[in-house]
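Chain residues, written in single-letter form:
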Amino acid sequence: PLWHLTAFVETLKVPDRYMFGPGPSNVPPRILEAGARPVIGHMHPEIFEIMSDIKSGIQYLFQTQNKMTFAVSGTGHSAMECAIFNTVEPGDSVLTAVNGIWGERAAEMAERIGGRVNAIVAPPGGIFTNEDIEKALSKHRPALFFLAHGESSTGVLHPLDGIGQLCHKYNCLFLVDSVASMGGSPLHMDQQEIDILYTGSQKVLNAPPGTAPISFSERACRKISSRKTKPLSFFLDFNWLTNYWGCDDKPTRVYHHTGPVTAFYSLRESLAVLCEEGLEASWERHRTVAEYFHAGLENIGLKLFVKDKQVRLPTVTTIIAPHGYDWKEITSYIMRTHNLEISGGLGPSAGLVRS
């Protein structure tokens with residue numbers, strides 16, 4: 001006999017909520033409406049035009065002229081794996097900066113594909129000096145150095161100036177995770193000599209989760225082209241993806257995977273919204289609102305997890321859970337009473353903070 005799923009008979013209903021956690025963010029009507037446009041083929045010329053718009057928007061967002069700029073079909077983790085899987089071969093030395101969960105994740109990904117991983121470690125809420133980084137680069141001589149610009153698990157915005165130059169001094173690629181910071185804090189990929197940069201669609205861009213902008217420098221492309229082995233993942237293979245996105249100047253695009261066309265619509269529209277506002281205006285808006293918010297929290301007696309105001313992430317605020325209170329009870333109460341999401345800590349900050 002056939003099974004009957006009566007739960008699917010009624011039209012889908014989803015609650016409206018204030019999404020004030022570290023992501024995803026609320027999606028504005030204009031971007032929601034873009035995502036509801038009719039589905040067309042993932043190899044149609046019209047979708048290629050939309051993909052071209054996306055590439056240009058990402059180049060502006062990242063402040064880069066890199067030709068190899070596109071969006072991975074997946075969330076930020078897929079872009080992280082795309083970066084690591086294409087540039088790291090078995091036996092390559094990899095250095096990760098661990099001051100929260102994302103350095104830990106990058107290290108695990110590199111280990112899984114045979115990288116020789118070393119880490120520099122700072123306590124949650126801390127940062128690394130350029131001297132710390134250069135010492136580790138000199139000692140381990142990595143092919144790739146990973147750093148999270150916006151460490152959402154702890155609320156840290158890590159300084160980037162000078163690190164790209166240090167990496168290149170030691171013939172190392174500089175990989176930066178900007179999922180939590182992109183669009184909310186100044187970042188200049190080319191000027192700061194970042195070799196691989198990625199972000200996610202669901203944070204400052206205010207698009208639904210599911211696409212991850214990424215860009216590769218010429219130096220990173222040379223490392224990839226000199227590989228002795230194929231990347232472990234076919235789905236995340238740089239050469240296939242850059243052909244699908246029309247980055248490689250080949251006369252035809254070959255079918256690789258079925259791109260999430262409606263997610264492309266949303267990403268394209270979110271980039272258009274950001275371009276209309278302007279990057280500098282977006283950076284200033286996030287800075288101003290974050291400073292106002294931080295002052296208000298401290299005025300009512302709450303303590304912020306990141307003590308140094310200069311390295312507080314303007315897009316994610318971490319608050320020390322008050323002594324004697326269960327953070328899960330606090331977040332559950334706020335959700336029940338105000339229909340508002342805030343989150344607990346993640347990784348090294350689990351149980352310590354709310355964000």
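Residues numbered from 1 in each chain as written. Predicted model: local features only at pLDDT ≥ 70, side-chain atom pairs only at ≥ 80, totals over all residues. Heavy atoms only, no water.

Trainee: Would you take a moment to explain the UniProt feature "modified residue: N6-(pyridoxal phosphate)lysine" (unreviewed entry) in the chain for this structure?
Mentor: On the UniProt side, "modified residue: N6-(pyridoxal phosphate)lysine" (unreviewed entry) is annotated at positions that read Lys203 here. Position of Lys203 relative to the elements: it lies in the loop between β9 (196–198) and β10 (211–216). By relative accessible area, Lys203 is classed as buried at 14%. The residues contacting Lys203, other than those within four sequence positions of it, are Pro22, Gly23, Ser25 and Val179. (UniProt positions renumbered as here; feature names shortened; annotations may be inferred. Helix = DSSP H or I, 4+ residues; strand = E, 2+ residues; numbered from the N terminus. Buried < 20%, exposed > 50% of the residue type's maximum accessible area, 1.4 Å probe, protein only. Contact = heavy atoms within 4.5 Å.)

Trainee: Can you walk me through the pairing of strand β8 (residues 173–177) in this structure?
Mentor: Moving residue by residue along a regular strand, the side chains alternate between the two faces of the sheet. Most of β8 sits inside the fold, with 5 of its 5 residues counted as buried. Where burial is concerned, the two faces of β8 agree: the one with Leu173, Leu175 and Asp177 and the one with Phe174 and Val176 are both buried. As defined by bridge partners, strand β5 (residues 144–148) adjoins β8 across 5 bridges and the pair is classed as parallel. Considered in β8, the bridge of Phe145 is made with Phe174. Direction of pairing for β8 relative to β9: parallel, over a ladder of 3 bridges. Looking across to β9, one finds that Leu175 is bridged to Ile196. (Pairing = 2+ DSSP bridges.)

Trainee: Honestly, the layout of surface pockets in this entry has me stumped. Any pointers?
Mentor: Empty space among the atoms becomes apparent when a probe as large as a water molecule is rolled across them. Its volume calculated, the largest pocket comes out at about 1,000 Å³. Lining the largest pocket are 37 residues, with Met19, Phe20, Gly21, Pro314 and Thr315 positioned closest to its centre. When residues of the lining of the largest pocket are traced back to their parent elements, those giving at least two are α9 (261–277) and α10 (279–299). At 7 residues, the largest contribution of residues to the lining of the largest pocket is made by α10. Within the lining of the largest pocket, the residues separate by chemical class into 22 nonpolar, 11 polar and 4 charged. As a volume, the second largest pocket reaches approximately 380 Å³. As for the second largest pocket, its lining consists of 16 residues, and the residues nearest its centre are Arg287, Glu291, Lys309, Gln310 and Arg312. Here the lining of the second largest pocket takes 8 residues from α10, the largest share from any one element. (1 Å grid on protein atoms, 1.4 Å probe; cavity = no way out; pocket = protein on both sides within 12 Å on 5 of 7 lines; lining within 4 Å. Points joined across faces, edges and corners; volume = space filled by probe spheres on them. Nonpolar A, V, L, I, M, F, W, Y, C, P; charged D, E, K, R; others polar.)

Trainee: How do you make sense of the side chain of His158 when you look at a structure like this?
Mentor: As for its position among the elements, His158 is in the loop between β7 (156–157) and α6 (163–169). A distance of 2.9 Å separates a polar side-chain atom of His158 from the backbone nitrogen of Phe128. When residues no more than four places from it in sequence are discounted, the contact partners of His158 are Asn99, Ile127, Phe128, Leu147, Ala148, His149 and Ile163. (Polar contact = N/O pair within 3.5 Å; in protein donor to acceptor, adjacent residues only side chain to side chain.)

Trainee: Hey, could you run me through a nonpolar patch on the surface in this one?
Mentor: Taken together, the side chains of Phe234, Trp240 and Val254 present a nonpolar region at the surface, about 270 Å² in accessible area. In this structure Phe234 comes out as partly exposed when scored by relative accessible area, which is 47%. (Patch = residues over 30% accessible without salt bridge, like charges linked within 9 Å, V, L, I, M, F, W, Y side chains within 5 Å. Areas by Shrake-Rupley, 256 points an atom, 1.4 Å probe, with all protein chains shown as cover. Salt bridge = Lys/Arg side-chain N within 4 Å of Asp/Glu carboxyl O.)

Trainee: How should the sheet that holds strand β2 (residues 68–73) be read in this particular structure?
Mentor: Remark on secondary structure: sheet strands pair via backbone hydrogen bonds, oriented parallel or antiparallel. Within the open sheet, the 7 strands sit side by side as β2-β10-β9-β8-β5-β3-β4. Their pairing is mixed. Whereas interior strands pair on both sides, the edge strands pair on one side only; in this sheet they are β2 and β4 (116–121). Put simply, the sheet's adjacent strands are angled 20 degrees from each other on average, direction ignored. Where strand β3 (residues 93–98) and β5 come together, 3 bridges link them in parallel fashion. Its bridge partner lying in β5, Val94 is registered against Leu144. Together, β3, β4, β5 and β8 form the strand contacts of helix α4 (residues 101–112), whose direction differs from that of β3 by roughly 160 degrees. (Axes fitted to C-alpha atoms, helices over the stretch in contact; angles between N-to-C directions.)

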